[in-house]
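# Commentary on secondary and tertiary structure
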Amino acid sequence: MKQKLSVVKIGGNLIEDAAGCKKVLDLFSKMDGNKILVHGGGKKATELANQMGVESKMVNGRRITNAETLDIALMVYGGLYSKKIVAKLQSLGTDAIGMSGADANAIRAHKRPKKNVDFGFVGDVDTVNTYGIFKLLQAGFTPIFCALTHDGNGQMLNTNADTIAAEIAIAMSDQFETTLYYCFEKKGVLQDIEDENSVIKHIDSKGYDELLAYGIIADGMLPKMHNCFYALRNNVSKVCVGNTNMLEANNSEYTTLTL
């Protein structure tokens, strides 16, 4: 029987909120078994870029990463946020280790090809070093991944944190029964975007298609849902979407996604 593994993704908004960050890390530290945390940080990177007079460009909600903004991403994701999170988890008794895709050759990617848009130094994931991550877990460490990968030739790349979480969960599913958690501001996928309590508790493939057809899942939720079902179709056991409270042992107010 496979051991269980939890892969938890948290966004930059949550990290910036001191009380919210403390709560999510406290709950994460109390989760049983093997676990991995993945964090974003785009909002802070944009803020820092503005302070430095560097223009941030977005196309369809995705960041264009030039050499200057890549350096800022390295500072924020791999430095500021990574070390703050690791230090807080150590204080909670979790032996955390901050990781980018370059560390231990954990996540290798290639520069996204130019098509209609040149995204610059943005990476699409090729491989995840499952053996290296497994050895870290086996040694009692909890990997904390930021949204950075590398190409194997010395070039760092900016990679969407939701995608990194999905790719790690998929890769580790050969060895573990894996659950992927996406923590964000809402309680889950909402039937009515105006009603915070209209959480859809369970969505399968058929239900997902219906929600798309009716436009209930739209805008910013589309790429997140795409990552969820991409993970499920590649052997991740289940995906949960909700706010920090879904990590509480007895909470059921969130959305569970299965095939």
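As shown above, the structure is provided for reference.
Remember, predicted model here, so these are calculated numbers, not experimental data.

Its volume calculated, the second largest pocket comes out at about 370 Å³. Around the second largest pocket, the lining comprises 19 residues; the ones closest to its centre are Ser-6, Met-31, Tyr-181, Met-246 and Leu-247. Counting residues per element, the ones that place at least two in the lining of the second largest pocket are strand S1 (3-10), helix H2 (18-30), strand S11 (176-183) and strand S13 (238-242). Here the lining of the second largest pocket is built from residues that sort into nine nonpolar, four polar and six charged.

Here we take up the pattern of salt bridges. A complete count under the given rule lists eleven salt bridges for this structure. With a shortest N-O distance of 3.9 Å, Asp-118 and Lys-114 are connected by a salt bridge. Among the residues examined, Asp-118 registers a relative accessible area of 37% and is labelled partly exposed. On the accessibility criterion, Lys-114 (61% relative accessible area) is exposed. Taking the shortest distance from any N to any O, the salt bridge between Asp-162 and Lys-224 comes out at 3.1 Å. Pair noted here: Asp-162 is in helix H6 (residues 161-172) and Lys-224 is in helix H8 (residues 221-232), with a separation of 62 residues, a long-range link. For the pair Asp-162 and Lys-224, one class covers both residues: buried. Among the ionic contacts, a cluster of salt bridges with common partners joins Lys-9, Asp-162 and Lys-224.

Definitions and limits used
Residues numbered from 1 in each chain as written. Predicted model: local features only at pLDDT ≥ 70, side-chain atom pairs only at ≥ 80, totals over all residues. Heavy atoms only, no water. 1 Å grid on protein atoms, 1.4 Å probe; cavity = no way out; pocket = protein on both sides within 12 Å on 5 of 7 lines; lining within 4 Å. Points joined across faces, edges and corners; volume = space filled by probe spheres on them. Helix = DSSP H or I, 4+ residues; strand = E, 2+ residues; numbered from the N terminus. Nonpolar A, V, L, I, M, F, W, Y, C, P; charged D, E, K, R; others polar. Salt bridge = Lys/Arg side-chain N within 4 Å of Asp/Glu carboxyl O. Buried < 20%, exposed > 50% of the residue type's maximum accessible area, 1.4 Å probe, protein only.

So far we have only geometry, and geometry alone does not tell us how the molecule works.
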